[in-house]
Amino acid sequence: MNTSEIMARLKVKHANEKEYLQAVQEVLETIEDVYNQHPEFEEAKIIERLVEPDRIFTFKVTWVDDNGEIQTNTGYRVQFNSAIGPYKGGLRFHPSVNISILKFLGFEQIFKNALTTLPMGGGKGGSDFNPKGKSDAEIMRFCQAFMLELWRNIGPDTDVPAGDVGVGGREIGYLFGMYKKLAREHTGVLTGKGMTWGGSLIRPEATGFGAVYFVQHMLHLQGKDIKGQKVAISGFGNVAWGAALKATQLGAHVIAISGPDGVIHNPQGMNDEKIAYMLELRRSNNDVVAPFAEKFPDATFIPGKKAWSIKCDIAMPCAYQNELNGDDAKELIANGTWCCAEVSNMGCTPEAIAEFQKARIMFAPGKAVNAGGVATSGLEMTQNAMHISWSAEEVDRKLHEIMSNIHHSCVRYGTQPDGYINYLKGANVAGFMKVATAMLEQGVI
Ligand code: GLU
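Source: prediction; values computed, not measured.

Peer 1: Would you mind showing me how to read the overall build of the protein here?
Peer 2: In terms of regular secondary structure, the protein is built from 17 helices and 12 strands. Against the compact-globule benchmark of 22 Å for 445 residues, the protein has a radius of gyration of 21 Å, which places it among compact chains. The principal-axis extents of the C-alpha atoms in the protein amount to approximately 60 × 55 × 45 Å. A buried classification covers 57% of the 445 residues belonging to the protein. Taking contacts inside the protein between residues at least 6 apart in sequence as the whole, the part at least 24 apart equals 72%. Counting every atom, the protein has about 17700 Å² of accessible surface; 50% of that belongs to carbon and sulfur. Distance from the positive charge centre (44 side chains) to the negative charge centre (50 side chains) of the protein: 2 Å.

Structure below.
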(Lines give C-alpha, C1' and ligand atoms only; values in the text may rest on other atoms or scores of the structure.)
Protein backbone atom coordinates (compact mmCIF):
# COMPACT_ATOMS: atom_id res chain seq x y z
CA MET A 1 0.00 0.00 0.00
CA ASN A 2 1.24 3.50 -0.71
CA THR A 3 1.04 6.29 1.86
CA SER A 4 -2.22 7.76 0.46
CA GLU A 5 -3.96 4.40 0.65
CA ILE A 6 -2.75 3.90 4.22
CA MET A 7 -4.02 7.36 5.13
CA ALA A 8 -7.40 6.74 3.50
CA ARG A 9 -7.85 3.56 5.55
CA LEU A 10 -6.87 5.29 8.77
CA LYS A 11 -9.42 8.03 8.12
CA VAL A 12 -12.15 5.40 7.98
CA LYS A 13 -10.88 3.39 10.94
CA HIS A 14 -10.29 6.36 13.25
CA ALA A 15 -12.79 8.84 11.83
CA ASN A 16 -13.22 10.63 15.17
CA GLU A 17 -9.54 11.06 16.00
CA LYS A 18 -8.83 14.31 14.18
CA GLU A 19 -5.60 15.32 15.95
CA TYR A 20 -4.15 11.83 15.46
CA LEU A 21 -5.08 11.84 11.76
CA GLN A 22 -3.58 15.34 11.34
CA ALA A 23 -0.26 14.25 12.88
CA VAL A 24 -0.06 11.07 10.80
CA GLN A 25 -1.03 12.84 7.58
CA GLU A 26 1.69 15.44 8.07
CA VAL A 27 4.34 12.75 8.51
CA LEU A 28 3.14 10.51 5.67
CA GLU A 29 2.99 13.40 3.19
CA THR A 30 6.57 14.40 3.91
CA ILE A 31 8.12 10.93 3.92
CA GLU A 32 6.36 9.66 0.79
CA ASP A 33 9.38 10.12 -1.54
CA VAL A 34 11.74 8.35 0.82
CA TYR A 35 9.28 5.56 1.43
CA ASN A 36 8.96 5.00 -2.30
CA GLN A 37 12.74 4.74 -2.59
CA HIS A 38 12.84 1.92 0.00
CA PRO A 39 10.77 -1.06 -1.19
CA GLU A 40 12.06 -3.04 1.82
CA PHE A 41 10.03 -0.73 4.10
CA GLU A 42 6.86 -1.30 2.11
CA GLU A 43 7.44 -5.04 2.04
CA ALA A 44 7.81 -5.09 5.85
CA LYS A 45 4.65 -2.92 6.16
CA ILE A 46 6.61 -0.45 8.25
CA ILE A 47 4.09 2.39 8.00
CA GLU A 48 1.07 0.22 8.73
CA ARG A 49 2.89 -0.98 11.87
CA LEU A 50 4.24 2.43 12.84
CA VAL A 51 0.89 4.26 12.88
CA GLU A 52 -0.63 1.75 15.31
CA PRO A 53 0.37 2.14 18.99
CA ASP A 54 1.90 -0.97 20.60
CA ARG A 55 -0.73 -0.70 23.33
CA ILE A 56 -2.96 1.80 25.14
CA PHE A 57 -3.92 1.64 28.81
CA THR A 58 -7.11 3.34 29.94
CA PHE A 59 -8.00 3.42 33.59
CA LYS A 60 -10.33 4.99 36.12
CA VAL A 61 -8.89 7.51 38.59
CA THR A 62 -11.05 8.16 41.64
CA TRP A 63 -10.07 10.65 44.30
CA VAL A 64 -11.67 12.78 47.00
CA ASP A 65 -11.73 16.58 46.67
CA ASP A 66 -11.40 19.10 49.52
CA ASN A 67 -15.18 19.12 50.06
CA GLY A 68 -15.16 15.37 50.67
CA GLU A 69 -16.81 14.71 47.27
CA ILE A 70 -15.67 11.72 45.25
CA GLN A 71 -14.36 12.65 41.79
CA THR A 72 -13.81 10.34 38.83
CA ASN A 73 -11.43 10.98 35.93
CA THR A 74 -9.97 8.88 33.13
CA GLY A 75 -6.24 8.11 32.97
CA TYR A 76 -4.35 6.96 29.87
CA ARG A 77 -0.94 5.79 28.75
CA VAL A 78 -0.22 5.27 25.07
CA GLN A 79 2.87 3.10 24.55
CA PHE A 80 3.40 3.87 20.89
CA ASN A 81 6.73 2.55 19.68
CA SER A 82 9.81 1.09 21.39
CA ALA A 83 12.01 0.38 18.36
CA ILE A 84 14.90 2.51 19.56
CA GLY A 85 14.43 2.54 23.34
CA PRO A 86 11.95 2.37 26.24
CA TYR A 87 8.70 4.29 25.72
CA LYS A 88 9.32 7.91 26.66
CA GLY A 89 7.06 10.93 26.75
CA GLY A 90 5.11 13.22 29.01
CA LEU A 91 1.81 13.14 30.86
CA ARG A 92 -0.76 15.84 30.07
CA PHE A 93 -3.42 16.82 32.63
CA HIS A 94 -6.01 18.94 30.85
CA PRO A 95 -9.79 18.69 30.41
CA SER A 96 -9.35 18.33 26.63
CA VAL A 97 -7.30 15.12 26.96
CA ASN A 98 -8.67 12.16 24.99
CA ILE A 99 -7.33 9.23 22.99
CA SER A 100 -6.96 11.25 19.79
CA ILE A 101 -4.81 13.93 21.43
CA LEU A 102 -2.64 11.39 23.24
CA LYS A 103 -2.18 9.32 20.09
CA PHE A 104 -1.12 12.42 18.14
CA LEU A 105 1.32 13.37 20.89
CA GLY A 106 2.65 9.82 21.21
CA PHE A 107 3.10 9.53 17.46
CA GLU A 108 5.02 12.83 17.27
CA GLN A 109 7.12 11.73 20.21
CA ILE A 110 8.48 8.72 18.26
CA PHE A 111 10.11 10.98 15.66
CA LYS A 112 11.15 13.67 18.11
CA ASN A 113 12.87 11.17 20.37
CA ALA A 114 14.59 9.59 17.38
CA LEU A 115 15.92 13.02 16.40
CA THR A 116 17.53 13.57 19.81
CA THR A 117 20.06 10.80 19.01
CA LEU A 118 19.28 9.23 22.41
CA PRO A 119 17.79 5.72 22.80
CA MET A 120 14.15 6.56 23.55
CA GLY A 121 10.94 5.19 22.07
CA GLY A 122 7.68 7.14 21.91
CA GLY A 123 4.82 7.29 24.40
CA LYS A 124 2.40 9.74 25.96
CA GLY A 125 -0.25 9.73 28.65
CA GLY A 126 -2.38 11.86 30.88
CA SER A 127 -5.84 12.52 32.12
CA ASP A 128 -8.87 14.73 31.57
CA PHE A 129 -8.25 16.02 35.12
CA ASN A 130 -8.28 19.83 35.24
CA PRO A 131 -5.54 21.13 37.59
CA LYS A 132 -6.84 24.71 37.29
CA GLY A 133 -8.05 26.01 40.64
CA LYS A 134 -7.24 22.78 42.52
CA SER A 135 -5.57 22.92 45.93
CA ASP A 136 -2.17 21.40 46.51
CA ALA A 137 -3.74 18.58 48.54
CA GLU A 138 -6.17 17.81 45.70
CA ILE A 139 -3.34 17.69 43.19
CA MET A 140 -1.48 15.28 45.47
CA ARG A 141 -4.47 12.99 45.95
CA PHE A 142 -5.15 12.94 42.23
CA CYS A 143 -1.52 12.16 41.35
CA GLN A 144 -1.40 9.37 43.92
CA ALA A 145 -4.63 7.83 42.61
CA PHE A 146 -3.34 8.09 39.03
CA MET A 147 -0.08 6.32 39.91
CA LEU A 148 -1.89 3.61 41.84
CA GLU A 149 -3.01 2.30 38.45
CA LEU A 150 -0.14 3.36 36.19
CA TRP A 151 2.80 2.00 38.17
CA ARG A 152 2.46 -1.61 36.98
CA ASN A 153 2.93 -0.59 33.37
CA ILE A 154 5.98 1.66 33.62
CA GLY A 155 9.60 1.22 34.71
CA PRO A 156 13.03 2.77 34.13
CA ASP A 157 13.72 0.41 31.19
CA THR A 158 10.09 -0.03 30.11
CA ASP A 159 8.32 3.31 29.97
CA VAL A 160 9.46 6.60 31.48
CA PRO A 161 6.79 9.32 31.77
CA ALA A 162 7.52 13.01 32.40
CA GLY A 163 5.70 16.33 32.41
CA ASP A 164 3.65 18.07 29.73
CA VAL A 165 0.82 20.62 29.89
CA GLY A 166 -0.54 20.61 33.47
CA VAL A 167 2.23 18.37 34.81
CA GLY A 168 5.30 20.09 36.26
CA GLY A 169 7.78 19.48 39.06
CA ARG A 170 5.13 19.37 41.78
CA GLU A 171 3.04 16.70 40.02
CA ILE A 172 6.14 14.64 39.14
CA GLY A 173 7.05 14.73 42.85
CA TYR A 174 3.69 13.32 43.96
CA LEU A 175 3.65 10.75 41.14
CA PHE A 176 7.19 9.62 41.95
CA GLY A 177 6.48 9.38 45.69
CA MET A 178 3.62 6.97 45.05
CA TYR A 179 5.58 4.95 42.48
CA LYS A 180 8.48 4.56 44.91
CA LYS A 181 6.17 3.38 47.67
CA LEU A 182 4.43 0.80 45.47
CA ALA A 183 7.45 -0.48 43.52
CA ARG A 184 9.90 -0.19 46.43
CA GLU A 185 12.58 1.22 44.19
CA HIS A 186 14.18 4.61 43.72
CA THR A 187 14.98 4.62 40.01
CA GLY A 188 14.70 6.94 37.05
CA VAL A 189 11.12 5.88 36.28
CA LEU A 190 10.01 9.48 35.76
CA THR A 191 11.95 12.50 34.53
CA GLY A 192 11.61 16.11 35.58
CA LYS A 193 12.29 15.08 39.18
CA GLY A 194 13.43 17.46 41.92
CA MET A 195 17.13 18.37 41.91
CA THR A 196 17.84 16.72 45.27
CA TRP A 197 16.28 13.36 44.38
CA GLY A 198 17.49 12.44 40.91
CA GLY A 199 16.36 15.33 38.71
CA SER A 200 18.71 16.77 36.13
CA LEU A 201 19.94 20.33 36.30
CA ILE A 202 18.65 22.40 33.35
CA ARG A 203 15.60 20.10 32.81
CA PRO A 204 13.06 22.83 33.75
CA GLU A 205 14.66 25.26 31.29
CA ALA A 206 15.54 22.69 28.62
CA THR A 207 12.55 22.87 26.24
CA GLY A 208 12.67 26.67 25.97
CA PHE A 209 16.48 26.85 25.94
CA GLY A 210 16.75 24.12 23.32
CA ALA A 211 14.16 25.88 21.15
CA VAL A 212 16.14 29.11 21.19
CA TYR A 213 19.39 27.24 20.41
CA PHE A 214 17.59 25.71 17.42
CA VAL A 215 16.43 29.15 16.26
CA GLN A 216 20.01 30.41 16.56
CA HIS A 217 21.12 27.65 14.17
CA MET A 218 18.32 28.49 11.71
CA LEU A 219 19.33 32.15 11.77
CA HIS A 220 23.08 31.54 11.53
CA LEU A 221 22.56 29.51 8.40
CA GLN A 222 20.94 32.59 6.83
CA GLY A 223 23.68 34.88 8.10
CA LYS A 224 21.45 36.39 10.80
CA ASP A 225 21.78 36.83 14.57
CA ILE A 226 19.07 36.53 17.21
CA LYS A 227 20.36 39.64 18.96
CA GLY A 228 18.01 42.58 18.50
CA GLN A 229 15.21 40.50 16.91
CA LYS A 230 11.62 40.94 18.08
CA VAL A 231 10.17 37.65 19.31
CA ALA A 232 6.47 36.91 19.93
CA ILE A 233 5.78 33.98 22.26
CA SER A 234 2.40 32.44 23.04
CA GLY A 235 1.72 31.00 26.46
CA PHE A 236 3.30 31.79 29.81
CA GLY A 237 3.98 28.27 31.11
CA ASN A 238 7.26 26.50 31.68
CA VAL A 239 8.19 26.30 28.01
CA ALA A 240 7.38 29.95 27.26
CA TRP A 241 9.37 30.97 30.35
CA GLY A 242 12.49 29.05 29.25
CA ALA A 243 12.25 30.47 25.72
CA ALA A 244 11.74 34.04 26.99
CA LEU A 245 14.66 33.70 29.39
CA LYS A 246 17.15 32.37 26.82
CA ALA A 247 16.02 34.71 24.03
CA THR A 248 16.44 37.67 26.40
CA GLN A 249 19.86 36.46 27.57
CA LEU A 250 20.93 36.38 23.92
CA GLY A 251 19.80 39.95 23.32
CA ALA A 252 16.42 39.38 21.62
CA HIS A 253 13.34 41.43 22.61
CA VAL A 254 10.41 39.29 23.72
CA ILE A 255 7.63 41.70 22.81
CA ALA A 256 4.62 39.42 23.35
CA ILE A 257 3.46 36.67 25.68
CA SER A 258 -0.12 35.46 25.81
CA GLY A 259 -2.72 33.46 27.69
CA PRO A 260 -6.23 32.18 27.06
CA ASP A 261 -7.50 35.64 28.09
CA GLY A 262 -5.45 37.71 25.59
CA VAL A 263 -1.99 39.01 24.75
CA ILE A 264 0.52 41.18 26.59
CA HIS A 265 2.23 43.65 24.28
CA ASN A 266 5.61 44.26 25.85
CA PRO A 267 7.48 46.62 23.49
CA GLN A 268 10.45 47.14 25.86
CA GLY A 269 11.17 43.40 26.01
CA MET A 270 11.76 41.29 29.13
CA ASN A 271 14.02 41.79 32.13
CA ASP A 272 14.83 39.59 35.15
CA GLU A 273 11.86 40.84 37.13
CA LYS A 274 9.40 40.26 34.29
CA ILE A 275 10.72 36.77 33.60
CA ALA A 276 10.50 35.86 37.29
CA TYR A 277 6.93 37.15 37.30
CA MET A 278 6.03 34.76 34.45
CA LEU A 279 6.74 31.92 36.86
CA GLU A 280 4.66 33.53 39.57
CA LEU A 281 1.74 33.92 37.19
CA ARG A 282 1.94 30.29 36.25
CA ARG A 283 2.09 29.18 39.87
CA SER A 284 -1.05 31.17 40.62
CA ASN A 285 -2.84 28.44 38.58
CA ASN A 286 -5.46 30.86 37.21
CA ASP A 287 -4.56 30.63 33.51
CA VAL A 288 -4.66 34.41 32.94
CA VAL A 289 -1.89 36.67 31.67
CA ALA A 290 -3.66 40.04 32.21
CA PRO A 291 -2.05 40.76 35.65
CA PHE A 292 1.33 41.11 33.88
CA ALA A 293 0.22 44.51 32.51
CA GLU A 294 -0.99 45.63 35.96
CA LYS A 295 2.41 44.90 37.43
CA PHE A 296 4.48 46.34 34.55
CA PRO A 297 2.92 49.58 33.26
CA ASP A 298 5.13 49.65 30.13
CA ALA A 299 3.22 46.57 28.94
CA THR A 300 -0.34 46.58 27.62
CA PHE A 301 -2.96 43.84 27.86
CA ILE A 302 -5.07 43.33 24.75
CA PRO A 303 -8.02 41.08 25.66
CA GLY A 304 -9.09 38.30 23.32
CA LYS A 305 -6.11 38.74 20.96
CA LYS A 306 -3.39 36.23 20.13
CA ALA A 307 0.37 36.81 20.20
CA TRP A 308 0.30 36.66 16.38
CA SER A 309 -1.41 40.05 16.17
CA ILE A 310 1.80 41.74 17.41
CA LYS A 311 4.40 42.75 14.82
CA CYS A 312 7.49 40.56 15.26
CA ASP A 313 10.46 39.03 13.43
CA ILE A 314 10.23 35.58 14.97
CA ALA A 315 7.06 33.78 16.12
CA MET A 316 7.38 31.02 18.71
CA PRO A 317 4.12 29.23 19.56
CA CYS A 318 4.63 27.71 23.04
CA ALA A 319 1.11 26.74 24.18
CA TYR A 320 -1.15 24.10 22.54
CA GLN A 321 -1.71 22.22 19.31
CA ASN A 322 -3.27 24.17 16.43
CA GLU A 323 -2.85 27.50 18.23
CA LEU A 324 -1.60 29.25 15.07
CA ASN A 325 -3.95 28.91 12.09
CA GLY A 326 -3.87 29.96 8.43
CA ASP A 327 -5.26 33.45 9.15
CA ASP A 328 -2.72 33.97 11.94
CA ALA A 329 0.07 32.97 9.55
CA LYS A 330 -1.21 35.44 6.94
CA GLU A 331 -1.31 38.20 9.56
CA LEU A 332 2.24 37.42 10.69
CA ILE A 333 3.53 37.36 7.11
CA ALA A 334 1.77 40.65 6.33
CA ASN A 335 3.44 42.15 9.42
CA GLY A 336 6.90 41.11 8.22
CA THR A 337 7.57 37.98 10.32
CA TRP A 338 10.29 35.94 8.62
CA CYS A 339 10.71 32.95 10.95
CA CYS A 340 8.32 30.68 12.83
CA ALA A 341 9.73 28.09 15.21
CA GLU A 342 6.99 25.87 16.58
CA VAL A 343 7.72 25.05 20.21
CA SER A 344 4.35 23.55 21.16
CA ASN A 345 3.58 20.10 19.74
CA MET A 346 1.80 20.62 16.37
CA GLY A 347 1.27 24.28 17.29
CA CYS A 348 0.55 25.28 13.68
CA THR A 349 -2.34 24.03 11.58
CA PRO A 350 -1.54 22.51 8.15
CA GLU A 351 -2.96 25.71 6.58
CA ALA A 352 -0.53 27.87 8.59
CA ILE A 353 2.44 25.71 7.58
CA ALA A 354 1.36 25.92 3.93
CA GLU A 355 1.24 29.74 4.19
CA PHE A 356 4.74 29.90 5.66
CA GLN A 357 6.16 27.55 3.07
CA LYS A 358 4.40 29.35 0.21
CA ALA A 359 5.93 32.63 1.38
CA ARG A 360 9.32 30.88 1.70
CA ILE A 361 9.48 31.86 5.35
CA MET A 362 11.65 29.79 7.68
CA PHE A 363 9.42 27.32 9.50
CA ALA A 364 10.53 24.51 11.82
CA PRO A 365 8.21 21.95 13.45
CA GLY A 366 7.79 21.26 17.17
CA LYS A 367 9.27 17.79 17.00
CA ALA A 368 12.63 19.36 16.09
CA VAL A 369 12.41 22.70 17.90
CA ASN A 370 11.09 21.43 21.26
CA ALA A 371 13.13 18.21 21.38
CA GLY A 372 15.53 19.74 23.93
CA GLY A 373 13.01 18.96 26.67
CA VAL A 374 12.81 15.24 26.12
CA ALA A 375 16.52 15.15 25.22
CA THR A 376 17.35 16.48 28.67
CA SER A 377 14.96 13.91 30.09
CA GLY A 378 17.11 11.36 28.28
CA LEU A 379 20.17 12.87 29.95
CA GLU A 380 18.35 12.58 33.29
CA MET A 381 17.78 8.87 32.60
CA THR A 382 21.48 8.43 31.87
CA GLN A 383 22.51 10.16 35.08
CA ASN A 384 20.03 8.05 37.08
CA ALA A 385 21.28 4.83 35.50
CA MET A 386 24.87 5.81 36.29
CA HIS A 387 23.96 7.07 39.80
CA ILE A 388 25.71 10.37 39.19
CA SER A 389 24.70 13.93 38.53
CA TRP A 390 26.25 16.26 35.98
CA SER A 391 26.82 19.99 36.46
CA ALA A 392 24.52 22.51 34.81
CA GLU A 393 27.33 23.41 32.40
CA GLU A 394 27.76 19.77 31.38
CA VAL A 395 24.03 19.28 30.73
CA ASP A 396 23.75 22.60 28.86
CA ARG A 397 26.76 21.67 26.71
CA LYS A 398 25.15 18.34 25.81
CA LEU A 399 21.83 20.08 25.10
CA HIS A 400 23.63 22.47 22.74
CA GLU A 401 25.24 19.57 20.94
CA ILE A 402 21.94 17.70 20.59
CA MET A 403 20.09 20.75 19.20
CA SER A 404 22.91 21.32 16.75
CA ASN A 405 22.69 17.69 15.60
CA ILE A 406 18.93 17.92 15.17
CA HIS A 407 19.32 21.07 13.11
CA HIS A 408 21.95 19.36 11.02
CA SER A 409 19.64 16.37 10.35
CA CYS A 410 16.80 18.70 9.30
CA VAL A 411 19.08 20.52 6.88
CA ARG A 412 20.47 17.24 5.52
CA TYR A 413 17.07 15.73 4.76
CA GLY A 414 15.08 18.92 4.17
CA THR A 415 17.12 21.11 1.79
CA GLN A 416 15.16 21.60 -1.44
CA PRO A 417 16.70 21.99 -4.92
CA ASP A 418 16.13 25.78 -4.76
CA GLY A 419 17.99 25.98 -1.42
CA TYR A 420 14.86 26.50 0.74
CA ILE A 421 15.06 24.32 3.84
CA ASN A 422 11.90 22.37 4.48
CA TYR A 423 12.52 21.69 8.17
CA LEU A 424 9.24 19.79 8.47
CA LYS A 425 10.26 17.31 5.82
CA GLY A 426 13.81 17.16 7.18
CA ALA A 427 12.67 16.35 10.72
CA ASN A 428 10.11 13.75 9.63
CA VAL A 429 12.42 11.98 7.20
CA ALA A 430 15.37 11.91 9.63
CA GLY A 431 13.21 10.53 12.45
CA PHE A 432 11.43 8.06 10.18
CA MET A 433 14.60 6.61 8.65
CA LYS A 434 16.01 5.82 12.08
CA VAL A 435 12.86 4.21 13.48
CA ALA A 436 11.98 2.34 10.26
CA THR A 437 15.48 0.86 10.05
CA ALA A 438 15.33 -0.26 13.68
CA MET A 439 11.92 -1.87 13.13
CA LEU A 440 13.16 -3.66 10.03
CA GLU A 441 16.21 -5.02 11.85
CA GLN A 442 14.10 -6.29 14.77
CA GLY A 443 11.75 -8.37 12.64
CA VAL A 444 8.00 -8.72 12.73
CA ILE A 445 7.01 -8.16 16.35
N1 GLU B 1 6.23 16.59 27.20
C2 GLU B 1 7.51 16.91 26.64
C3 GLU B 1 7.48 16.67 25.15
O4 GLU B 1 6.47 16.92 24.53
C5 GLU B 1 8.65 16.23 27.38
C6 GLU B 1 8.59 14.74 27.40
C7 GLU B 1 9.68 14.09 28.27
O8 GLU B 1 10.51 14.78 28.83
O9 GLU B 1 9.62 12.86 28.33
O10 GLU B 1 8.43 16.32 24.52
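Peer 1: Would you mind going over the packing of helix H2 (residues 18-36) against helix H17 (residues 423-442) with me for this structure?
Peer 2: Helix-helix packing is characterised by the crossing angle of the two axes and by the distance between the axes. It is the contact of H2 with H17, at a shortest axis distance of 9 Å, that shows an interaxial angle of 70 degrees. One element, H2, and the other, H17, form an angle in the roughly perpendicular class. Like other packed secondary-structure pairs, H2 and H17 cross with a definite hand, here right-handed. On the side of H2, the interface is formed by Glu26, Val27, Thr30, Ile31, Asp33, Val34 and Tyr35, while H17 contributes Leu424, Lys425, Asn428, Val429, Phe432 and Met433. Split into classes, the residues belonging to the contact of H2 with H17 amount to eight nonpolar, two polar and three charged.

Peer 1: For this particular structure, what's the right way to read a negative patch on the surface?
Peer 2: Together, Glu5, Glu40, Glu42 and Glu43 line one region of the surface with negative charge. Ranked by the residues each element gives to the negative patch, the list is headed by helix H3 (residues 39-43), at three residues. Tracing the backbone shows Glu5 in helix H1 (residues 3-13).

Peer 1: Just checking my understanding: could you explain the site of the ligand for this structure?
Peer 2: The immediate surroundings of the ligand are formed by 13 residues, with Lys88, Lys112, Gly163, Asp164 and Ser377 found nearest. Separating an oxygen atom of the ligand from a side-chain N or O atom of Gln109 is a distance of 3.1 Å. In the environment of the ligand, an oxygen atom lies 3.0 Å from a nitrogen or oxygen atom belonging to the side chain of Arg203. In the complex, 93% of the free accessible area of the ligand, which totals 290 Å², lies under the protein chains.

Peer 1: Please explain the sheet that holds strand S7 (residues 253-259) as it appears in this structure.
Peer 2: The strands that make up a sheet pair up through hydrogen bonds in the backbone, lying either parallel or antiparallel. One open sheet accounts for seven strands, arranged S9-S8-S7-S6-S10-S11-S12; its pairing is mixed. On the outer flanks of this sheet lie strand S9 (300-303) and strand S12 (362-364), each paired with one strand and no other. Averaged over neighbouring strand pairs, the angle between their axes works out to 15 degrees when direction is ignored. Alignment of strand S6 (residues 230-233) against S7, held across three bridges, turns out to be parallel. Residue Val231 lies in a different strand from S7, and its bridge partner there is Val254.

Quick notes on the rules
Residues numbered from 1 in each chain as written. Predicted model: local features only at pLDDT ≥ 70, side-chain atom pairs only at ≥ 80, totals over all residues. Heavy atoms only, no water. Helix = DSSP H or I, 4+ residues; strand = E, 2+ residues; numbered from the N terminus. Rg over C-alpha atoms; globule rule 2.2 N^0.38 Å. Buried < 20%, exposed > 50% of the residue type's maximum accessible area, 1.4 Å probe, protein only. Contact = heavy atoms within 4.5 Å. Areas by Shrake-Rupley, 256 points an atom, 1.4 Å probe, with all protein chains shown as cover. Lys, Arg positive; Asp, Glu negative; His and termini not counted. Charge placed at Lys NZ, Arg CZ, Asp CG, Glu CD. Axes fitted to C-alpha atoms, helices over the stretch in contact; angles between N-to-C directions. Parallel < 35°, antiparallel > 145°, perpendicular 65-115°, else oblique. Left-handed = near helix turned anticlockwise from the far one by under 90°. Nonpolar A, V, L, I, M, F, W, Y, C, P; charged D, E, K, R; others polar. Patch = residues over 30% accessible without salt bridge, like charges linked within 9 Å, V, L, I, M, F, W, Y side chains within 5 Å. Salt bridge = Lys/Arg side-chain N within 4 Å of Asp/Glu carboxyl O. Near = heavy atom within 4 Å. Polar contact = N/O pair within 3.5 Å; in protein donor to acceptor, adjacent residues only side chain to side chain. Pairing = 2+ DSSP bridges.

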